[in-house]
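Observations on chain architecture
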Amino acid sequence: MLKLLPQHLQTIYTHAETTYPEECCGIILGHLTNEGKTVVEVMPTENAWNAETAADFPKDDTLDYSKRQRYVIAPQVMLQAQREARERNLNIVGIYHSHTDHPAIPSEFDRQCAWQEYSYIIVSVQNGKASDMKSWCLDDNHQFQQEVIENKI
């Protein structure tokens, strides 16, 4: 279970809509407990995907390797987020990104690049408007399973 506040959801929706038609991405900081993950902060990041970064990732049959269908968070941004989280006694509990004009369902590329312990929020942006959000976690067989999102008040 992933517990978020309404302002966390709004930050993700706004980021997704403002970067449309490109995918957005960001880092989710929070606490890990026996009951799930509690989000403390959502950190929007730049989508650093380009031809150079594409060379470091698995290839698939998708012809469009642009920011419209791919995202990457720069390694130095991830390292800085890890440092900041540690200093604040938090963890990186997940990553979010958008799917432009596609459902909030992970692609095979998303699965290949995912890390076991993270939650992966995907927000679907249809014609520039955020329309659906789902969270996913990898199981022991490295397959995505949908995760419950609890909207805390």
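Use the structure listed above.
Notes on the structure follow. (Residues numbered from 1 in each chain as written. Predicted model: local features only at pLDDT ≥ 70, side-chain atom pairs only at ≥ 80, totals over all residues. Heavy atoms only, no water.)

**Considerations on helix α1 (residues 6-19)**
For α1, built from 14 residues, the straight-helix expectation of 20 Å at 1.5 Å per residue is met to within 8% by its first-to-last C-alpha distance of 20 Å. Those residues of α1 that fall on the buried side of the exposure criterion are H8, L9, I12, H15 and A16. Summarising the axial view, the buried residues of α1 lie within an arc of 135°, below the 170-degree limit, and thus occupy one face. (Helix = DSSP H or I, 4+ residues; strand = E, 2+ residues; numbered from the N terminus. Expected span 1.5 Å × (residues − 1). Buried < 20%, exposed > 50% of the residue type's maximum accessible area, 1.4 Å probe, protein only. Arc of directions from axis to C-beta.)

**Focus on the environment of A114**
Take A114: it is sitting in the loop between α4 (108-113) and β5 (119-126). Taking the C-alpha atoms as reference points, A114 and Q143, separated by 29 residues in sequence, lie 9.7 Å from one another. Look past the residues within four positions of A114 in its chain and what remains in contact with it is Y120, L138, H142 and F144. (Contact = heavy atoms within 4.5 Å.)

**Observations regarding helix α3 (residues 75-87)**
Spanning 13 residues, α3 covers 18 Å between terminal C-alpha atoms, matching the ideal 18 Å at 1.5 Å per step. Among the residues of α3, those classed as buried are M78, A81 and A85. Here the buried residues of α3 occupy an arc of 60° about the axis, which is enough to place them on one side. In α3, those exposed residues whose orientation departs by more than 90 degrees from the buried face are Q76, R86 and E87. Residues of α3 that are buried make contact with β2 (25-33), β3 (36-45) and β4 (91-100). Positive backbone phi, at 55°, marks N89, one or two positions downstream of α3.

**A short note on the side chain of S135**
Relative to the assigned elements, S135 resides in strand β6 (residues 129-138). Exposure remark for S135: the relative accessible area of 0% places this residue in the buried category. A polar atom in the side chain of S135 sits 2.7 Å from the side chain of E147. Non-local contacts of S135, meaning those with residues more than four positions away in its chain, are made with L2, S119, Y120, I121, Q145, Q146, E147 and I149. (Polar contact = N/O pair within 3.5 Å; in protein donor to acceptor, adjacent residues only side chain to side chain.)

**Side note on the pattern of salt bridges**
Taken as a whole, this structure holds six salt bridges when the rule is applied. The salt bridge partner of E147 is K37, with a shortest N-O separation of 3.9 Å. Here E147, found in strand β7 (residues 144-147), pairs with K37, found in strand β3; they are 110 residues apart in sequence, far enough to count as distant. The pair E147 / K37 is uniform in exposure class, with both members buried. Across the pair K134 and D132 runs a salt bridge, and its minimum N-O distance is 2.8 Å. (Salt bridge = Lys/Arg side-chain N within 4 Å of Asp/Glu carboxyl O.)

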